[in-house]
Structure formats: structure tokens, C-alpha cells
Amino acid sequence: MTYAITQTCCNDATCVAVCPVNCIHPTPGEPDFGTTEMLYIDPKACIDCGACADACPVDAIFPADRLTGRLREYEAINAEYYAERTPGPAVASPNFHTWGEPAFPRSLPSDFAPLRIAVVGTGPAGMYAAEDLLLHTNAEVTLIDRLPVAGGLVRYGVAPDHPATRGAGETFARFHSHPRVRMRLGVEIGRDVTAEELAAHHDAVVYAVGAPSDRRLGIPGEDLPGSVSAASVVSWYNAHPETGADAVPLSAERVVVVGNGNVALDVARVLVMDPADLAGTDIADHALAALNGARVREVVLLGRRGPGDAAYTASELLALKHLPGVDLAVDDRDPRTGAAIDAAAAGEKAALLRDVAREAVDWTRSPAPDRRRIVLRFHSAPVEALGTDAVRAVRVTGDGAEPVAEIGAGLLVRAVGYRGVPLPGLPFDEATGTVPHEAGRVGGVAGAYVVGWIKRGPSGGIGANRACAEETVGTLLADAVAGTLPKPTGTSAEFRRLARSRSEGLVDARGLAAIDRTERARGRDAGRPRVKLATVPELVAAARGGRWRRPV
């Protein structure tokens, strides 16, 4: 029986590397890699060895005959990818490749002195870079994060009902205690330590600081209370210490989410699903309590373009279609929407909506009190958020017969993308929200490199950072061999003392392990995988083995 890759595929191609028969595509050497939504197993070539399932960092691969519920669809999805494709041997396949001189990319000569490299950011981009350095060289790596806990996007960006995706964090965590790793958490570059001071103590610095800000809508009323970013909502339900427990008001029956990417779907799903189904996850305590008392019955997802151009992935939409107790509907008041769905060919994104209920929604009516639902409204964009003291409605574009519609809503969530922010000491491109670079090398700053969203913009999931990190590390090591890296003037011990003198909440690997033990213990008491500590004082106190008490 063949194996199949399912919804939580992270695209990092770990499975490709271990497959003995080259049955997983697209591979990193093929043109489609990085553009397909997931990887696929060829059922005709798979030999049922299970190596891919053992290697998968997010538990996305299962024997096809064991798929149950909504995952059963993925046997056909994997097979359909090969319906019109005849995959050839991959250049780097373990069994099918042209033999030649051995090559050792991203490595240093054996007599090369160990480099000291700082990686700023402990999310997937930073950890893939650290992993590459640790596995391919004898470098010493300093992991730095402005928060007193590691994880970045894996900890604070993945929806709580996607625990398998969080499995990538376990893969990265094994490097936290690596003998050549030093952790300096709770240190912010530009606040505690300057970029120049960091560079003075390391041969090179890799910045993996992500895209923490959000894009604006640019409409009147956007700054009213009740108008929030999707980034704030995601941080709120994931217990990010910089997002307050009261950051997301849930007193309204209807919510409008602008955008229809995966983050928008995550927000919609969490807001309307049964809180009982979230009670067994690591969702923030304050978010779970708020959702239990929430009045939200309906979430409207606004998409500027049609259903064939939706930004969400097929797997996330499929998950939405199978959400227990939640209806999914398409607002087809605009005739272009239904026409696009009906005309879509099998395998196209719009075709997935063919069996979804369609309705010309009357927005003057309140949501039905006896059900929860998510409404997809395409060819529609926000024009204005209405209200005096808070959002009460959103004016949106409509069809020719109804050029503007007014949707009553007490919460407006903008989910139109993330954006990088300037980092002191580095150049910044305001137009793209990224740091200018050449294959990861920062222009005009010797020894500085970038990886992840601050390098390429907010695109791609967790696995996309692997190839991104490989490029940056390759550039860094080539510069090291060429002798163009500046020589550090300070030692590792001196940097540790500097960080300790500047940061009151410095956390090392031992402290991080203590935080993990504390959260897991709290989880056991509550029958959950973990209960996250939601403030910086709580995290620092746990790292130091103490018990934090809320001030009276």
C-alpha cells in the first residue's frame, strides 16, 4: 500500500532526501519546487517503505489505507498530481543520479578555524540556518531572540488546532542544547545590544527577524476600536507576551476578515469553531475563556479577486469544509463568482467550492442564532469601517446591481499580509519591507546576512525556509573561504557578559528547558499538551526556577 502526504505538509523536502525510489515530487531540483502547495507521493512508484513518514517533521505522511475522515481525500490528491506527469529521475536522488566527483556544498575546508556566527531569530528561518551551519561545519552558533523563549513563527504563528505543524518545533529544539550552540534569549538588537556590538563578537551575523508588522488597508475608520490585524489575533490566541489578553473584542455576532489567505482562514476557523475542540490544544488560556463567552456566529471572508485566484491553499480550504458544527457558504450575489466555480476544471482551486452552498446573502439580517458559519465573499474589498466609538459595520464593494454593500460587524480583521520592519544598523527597502541583499548577503554591511521573510518578503510556509537558509549559508561560507568576513574583536564569553549586563530577562538553554518543563507540567494538570506562559515576567521567572506572582 502506498503512502500519501496530507494537509500539514511543510514542503521542506526532508522526505525527498530519504526516499530510496524517488517517488516524492517536486524535488528541490525540479522547476515546480517552491511553487506547489505541497509535495506529493507517486502511488505507482512508492514501495511502502515508510522512510518518508519517519523523516517527516510535521507528521503529514501516512499509509493511504489508514487515512480516515477528511484525510481520505489526500490519497486521490496525491495520485491526481501524477495524472498528467511522468516524473523523471531527480538529479540529487539517492538512487538515480549521474555519478561524478563528490561535492560538499555549504562546507568549509577541514583545517578552517571554527567560525562564531550569531543567528538573530529562533523561528524556522533562523533554525534552518543554524541547522545547516551545525551539520555542515564546525561553527559555533549564538542563537538570539528578543523574546525570552524560542520558537518564533512555530510557537506564535501556527493555529492551535494544527498541532502536527508545531511538530517542526520539536525538530528544531534538538539544536537548542547542541554543544556548539549558545542561547541568548531576551536580547533585542537595537535595544539591548547594537548591531555593531553583535558583529564585533562574531565572524558573521544572520538576521532571521521575519516580518512582524502587518499591511494596512488604507480605508477610513481603519483605526477604530474593533479594527485589528490578523497578526494581533494570531498572537492573541497563541499567548504572545506582547499581545494583551483583551486585544480581540468578541462581543459581536459577525466578524469581517479582509483577505482569504491561510492566515485569514485560520482566524475565521478559530473564531467560530466549538471552543470544546480547542480545549485540548495549547491555545492561550485567555483566548479559550474569551471564545467560550463569545457571541460570534458568523465570519465573512472578503476576497478582492475571484474564487480561482484565492490565496488560501487547497488543503486549508478542505479543512474548512469539514469543520464540525460550522457551515461554509459562498455569497454568490456577484454572478462572476458562481460562473467561475461552475467553469473550473477538476483540480483547479475554484472547483473545490462546487459542493459548497451558495446564497445571495442579505447583510441587513443578523446571523442565524442556531448555527455558526463562514461566508466566502469574492470580488469584494473594504471601502470604509463605520462607527463612532467602535466598528459597527463595514462598507464593501459589490456587484453592478449593488455597487456598495454594508455588512454589520463588530470586529474587522485585516489579513492582507505581513511586512518587515527596519532593524537598526541594516539597510531597509521601504517598498518591499525587506533588507536589500545578494543571495542573502546584506549590501554595504560586511559580515551581515539575512534569511526568511526579512530576506524574501512574507511568502512561503515553514519548509520554504530550508532552501532559503541553504542559499544564505552557502553565501556566508563562500565569503569565509574568500577571506572577506571581518575579524571579531570580542570573544564569546565577553558577549555573554555584555548581554547579561544589558538584558534583565536573559534566558539561556537551561532556562529555556525550564520554561518547557513548566508549560508541560501546567498542561498535564489541565489535560492539555501544554499551557503557555503568556507574559515576559512569567517566562523569565520559570526560566529561573521561580514562581511568578501577579502584582496586586
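Residues numbered from 1 in each chain as written. Predicted model: local features only at pLDDT ≥ 70, side-chain atom pairs only at ≥ 80, totals over all residues. Heavy atoms only, no water.

K.L.:
I keep staring at the pairing of strand S13 (residues 326-331) and nothing clicks. Help me out?
P.N.:
For a regular strand, side-chain orientation follows a simple rule: the groups alternate between the two sheet faces. Here S13 lies mainly inside the structure; 5 of its 6 residues are buried. With 6 bridges joining them, S13 and strand S15 (residues 372-377) adopt parallel strand pairing. Bridge pairing in S15 places Asp331 opposite Arg377. Note that S13 and strand S14 (residues 357-359) share 3 bridges and pair parallel. For Val330, the partnering residue across the bridge sits in S14 and is Arg358. Taking the sense of rotation as the criterion, the β-α-β connection linking S13, helix H13 (residues 335-343) and S14 turns out right-handed. (Buried < 20%, exposed > 50% of the residue type's maximum accessible area, 1.4 Å probe, protein only. Helix = DSSP H or I, 4+ residues; strand = E, 2+ residues; numbered from the N terminus. Pairing = 2+ DSSP bridges. Right-handed = clockwise from strand over helix to strand, strands pointing away.)

K.L.:
I would appreciate a short explanation of the pairing of S15 in the present structure.
P.N.:
In terms of burial, S15 is largely enclosed, as 6 of its 6 residues are buried. Covered by surrounding structure in S15 are Arg372, Ile374 and Leu376 together with Arg373, Val375 and Arg377, the residues of both alternating faces. In this structure, strand S12 (residues 298-302) lies alongside S15, joined through 5 bridges in parallel fashion. Counterpart to Leu302 in the pairing with S15 is Arg377.

K.L.:
Teacher, can you tell me more about the sheet that holds strand S10 (residues 227-229) here?
P.N.:
Read across the sheet, 7 strands follow the order S10-S19-S11-S12-S15-S13-S14 without closing on themselves; strand pairing throughout is parallel. Whereas interior strands pair on both sides, the edge strands pair on one side only; in this sheet they are S10 and S14. Between one strand axis and the next, the sheet turns by 25 degrees as a mean value, whatever way the strands run. Here helix H8 (residues 230-237) sits on the sheet in contact with S10 and strand S19 (411-414), set at roughly 75 degrees to S10. (Axes fitted to C-alpha atoms, helices over the stretch in contact; angles between N-to-C directions. Contact = heavy atoms within 4.5 Å.)

K.L.:
Just checking my understanding: could you explain helix H4 (residues 124-136) for this structure?
P.N.:
Count 3.6 residues to each turn of an α-helix, and residues three or four apart come out pointing the same way. Along its 13 residues, H4 runs 18 Å from first to last C-alpha, staying within 8% of the 18 Å computed at 1.5 Å per residue. Of all 13 residues that make up H4, 11 are buried, and the element is covered over most of its length. The complete set of buried residues in H4 reads Pro124, Ala125, Gly126, Met127, Tyr128, Ala129, Ala130, Glu131, Asp132, Leu133 and Leu134. (Expected span 1.5 Å × (residues − 1).)

K.L.:
Even after reading the chapter, I still don't get the pattern of salt bridges, so can you show me in this structure?
P.N.:
If charged atoms from side chains of opposite charge come close, those side chains can pair. In this structure the tally under the stated criterion is 37 salt bridges. Via salt bridges that share partners, Arg155, Glu170, Asp516, Glu519, Arg520 and Arg530 belong to a single interconnected network. (Salt bridge = Lys/Arg side-chain N within 4 Å of Asp/Glu carboxyl O.)

K.L.:
What should I look at first to understand the state of the cysteines in this one?
P.N.:
A disulfide bridge is the covalent bond that connects two cysteines by way of their sulfur atoms. Applying the stated criterion to the full structure yields 0 disulfides. We note that Cys9 lacks a disulfide partner, and the nearest cysteine sulfur, in Cys10, lies 6.0 Å from it. In this structure Cys9 comes out as buried when scored by relative accessible area, which is 17%. No disulfide involves Cys19; its sulfur sits 3.6 Å from the nearest other cysteine sulfur, which is in Cys23. (Disulfide = S-S within 2.5 Å.)

K.L.:
It is not clear to me how the side chain of Thr142 should be interpreted in this structure. Could you clarify?
P.N.:
Relative to the elements of secondary structure, Thr142 occurs in strand S6 (residues 140-145). Sequence-distant contacts of Thr142, that is, excluding residues within four places in its chain, are made with Ile117, Ala118, Val119, Arg182, Arg184, His202 and Phe495.

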